[in-house]
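Residues per chain are reported as follows:
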Amino acid sequence: MTRTLDSMSSAIVHAAPPPDPPLLDVAELKKRFPVSGTIGPLARLRRRMKGGPVHLPMVHAVDDVSFTIRKGETVGLVGESGCGKSTLVRVLTRLLDPTDGIVRLGGRELSLTPAKRFARDPDRGRIQMVFQDAGDSINPRFTAFAAIADPLRRLRGLSGAALTAKVEQAADQCGLPRALLSRFPHQLSGGQRARVGIARAVAVEPALLVLDEPTAALDVSVQVVILQLLERLKTELGMSYLFVSHDLGVVRLLCDRVLVMYLGKIVEAGPAQEVFSRPLHPYTRALVDAAPRLHGHGPAAVRLDGEPRSPIDPDPDVCRFYGRCPRGVDRCRTAMPDLRRLGDREVACHFAEETPA
Amino acid sequence: MTAAPALLVEDLSVAFRTRGGVVQALEHVSFAVQKGETLAIVGESGSGKSVTAYAVMGILDPAGRVTAGRAMLGGLDLLAASADQVAAVRGREIAMIFQNPRTALNPIRTVGKQIADVLLRHANVPRREAPGRAVDLLRAVGITDPARRADAYPFEMSGGMCQRVMIAIALAARPSVLIADEPTTGLDVTTQAVIMDLIGDLARDIGMATIFITHDLALAAQRADRIVVMHAGHVVETAPTAELFARPRHPYTAELIAATPDAAANLSELASIPGALPDLRRSDLPPCRYAERCPRRQTDCDVALPAAPAIPEHVVACWNPLS
């Protein structure tokens, strides 16, 4: 209970003074995984018999992450592969249990319900997800109709004519011709499959839609149509979005706010336009610099080479970006920078104020 | 274009036999790349970018057949040469980097051995020296601790590192032409920037011509000297990079640029491209394969494609180009 109270107070600190409570409130969320294979069960048992420490090396996949999403807001989540984006999303969508911390949706604390039981929870339908490659995430033996109908049947208990009506409504909303509903995924184009993936998620009328690189597999001409569809659906259905992507160009167009994640931690957060036009964290700057642009600047000044630090039991006093950071001074390996508020931005860098305008 | 190009592809046509009929995958594809130049081939999926590369390298799927054209590498026509002749230059004079490095590398051989294989086969390196040279190459592509990494298997490396190994293999014999097929798709933008820098630097060092295939217009804009735009198996426009983005002349090129997220200030400004790629199995395909999607279509478009290039350097396959 004390943990809950602590986390609650910090959640209040982290949320910007809200006129009404945020839709999604994530506070001090942690997810750790034991590193498999380093120490076998027998060795662990032997150690325990001897009374020695049974500490297992842990991957700190998500480490002390706090943020909120307001109703109707689109929040982008960017970061390189392996930074913990997907783990964070899986904890938020309650496919994984957090190690510690709070996930609160519309006032209800979801983190108290184990992931296994949440599958049949009435609130399951309030958080839905659109996966990266609709070709891989739709059962190849389901028709488009069956794919969209499945969550409606399980979560809304619909059947018969009511079910058909709802599936057709979702297909119409997503611009999927009804004639295609009897087709299997392999008979659909990439754009049509993306529409099925979206229709399946919005059919149960979620409050929060988590989109994991929904257009990564699509050509630009199709991507445009899907992005515009998502924008329209958001207003029509009154949803909030968490948009995971590493295409900064797309995030800039779609998102109100953006969270930049590096090695399990949020290193920068703020209004998307501002973050991209004037990044304060050196990692964000490297990310923005590395993104190719149609017009303008040549090879970028900041190049991020090498590999990130190990996520296994990272030193709590060393900045996660130390070693790859072009700045990296002594202070960065003796004191981990906290995520600090600077105007309407949040930055985890000792030198954020020194960034030239 | 006075000097002989490093690679000249002329009038290349490729057809695939499928159960649903013959797919005319490429028709009259022509382009040239000079020594030291980076040429980008851009287009959406299905436009024939990769088929072009595979045809030139002689590694087309057995169902595919080159029906016309030539690909001149120095004095050798790769499309007419015997298998032995092609094998003698492939890897040595012309090399390729594939899209997914993890599947392109041999999973059960260490990366050091895979590089040594190429050195032995194509670079006349004595057997004794090959392992050492492989380590040198790993160092050259920026892999830290190369002596240890040479003993690693591909699965032990990150995607970016596997791509560096692919580059080391492709450049082991210092080829004069490199074809890079989507070399950074699936990599993080930060890694992408480093890999593209690496390819550019190495190409400059050995004066290599690079053909770089991508669907990312912004990446092509940043990295290529000239750009070839493909649509449905046709080259629709060829121009120097700055010229292409400043004054796109083919309607499709203009649409493609307008659909790139980087080009727009907000989402409603992004333009989609109406219609879809035509079915390439059709026997009644119009001469211009973009005609059915084109807002500027006129009667000429249904007769033939314009033959001669309108402006030197900037070639557009359109009767009614944007000015």
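Residues numbered from 1 in each chain as written. Chains lettered and ligands numbered in written order. Predicted model: local features only at pLDDT ≥ 70, side-chain atom pairs only at ≥ 80, totals over all residues. Heavy atoms only, no water.

It is worth spelling out the pattern of salt bridges at this point. Within this structure, the stated rule accounts for 34 salt bridges over all chains. The residue Arg178 of chain A makes a salt bridge to Asp172 of chain A at a minimum N-O spacing of 2.6 Å. Look at Asp172 of chain A and you get partly exposed, because its relative accessible area is 41%. For Asp201 of chain B, the salt bridge goes to Arg204 of chain B, with nearest N and O atoms at 3.4 Å. In this pair, Asp201 of chain B and Arg204 of chain B are both assigned in helix α8 (residues 189-206), 3 residues apart and thus about one turn of the helix distant. Relative accessible area serves as the criterion here: at 37%, Asp201 of chain B is assigned to the partly exposed category. For Arg204 of chain B, a relative accessible area of 62% translates into the label exposed. Among the charged side chains, a network of salt bridges with common partners joins Arg70, Glu73 and Arg257 of chain A. (Salt bridge = Lys/Arg side-chain N within 4 Å of Asp/Glu carboxyl O. Buried < 20%, exposed > 50% of the residue type's maximum accessible area, 1.4 Å probe, protein only. Helix = DSSP H or I, 4+ residues; strand = E, 2+ residues; numbered from the N terminus.)

With that settled, consider the environment of His281 of chain A. Residues and elements named next belong to chain A. In this fold, His281 is placed in the loop between α11 (272-277) and α12 (282-290). Sequence separation of His281 and Val260 is 21 residues, and the distance between their C-alpha atoms is 9.2 Å. When sequence neighbours within four positions are dropped, the list of residues in contact with His281 reads Val267, Glu268, Phe321, Val347, Ala348 and Cys349. At 3.1 Å, the side chain of His281 forms a polar contact with the backbone oxygen of Ala348. (Contact = heavy atoms within 4.5 Å. Polar contact = N/O pair within 3.5 Å; in protein donor to acceptor, adjacent residues only side chain to side chain.)

Now for the domain arrangement of chain A. Residue and element names in this part refer to chain A. Annotation of chain A at the domain level lists domain 1 (2-261) and domain 2 (279-354). The straight-line distance from the C-alpha centre of domain 1 to that of domain 2 is 26 Å. A buried area of about 1,100 Å², summed over both sides, lies between domain 1 and domain 2, and 53% of it is on carbon and sulfur atoms. Contact with domain 2 buries surface across domain 1, with His60, Glu80 and Leu248 losing the most and accounting together for 39% of the total. Joining domain 1 to domain 2, the criterion identifies 2 salt bridges. Counting across the domain 1 and domain 2 interface gives 6 residue pairs in polar contact (both at pLDDT 80 or more). Looking at the side of domain 1 that touches domain 2, the element that brings in the most residues is strand β2 (residues 58-69), giving 4 residues. When its residues are assigned to classes, the side of domain 1 that touches domain 2 shows 9 nonpolar, 4 polar and 2 charged. (Domains from an automatic or database assignment. Buried area = accessible area lost by both parts, 1.4 Å probe. Nonpolar A, V, L, I, M, F, W, Y, C, P; charged D, E, K, R; others polar.)

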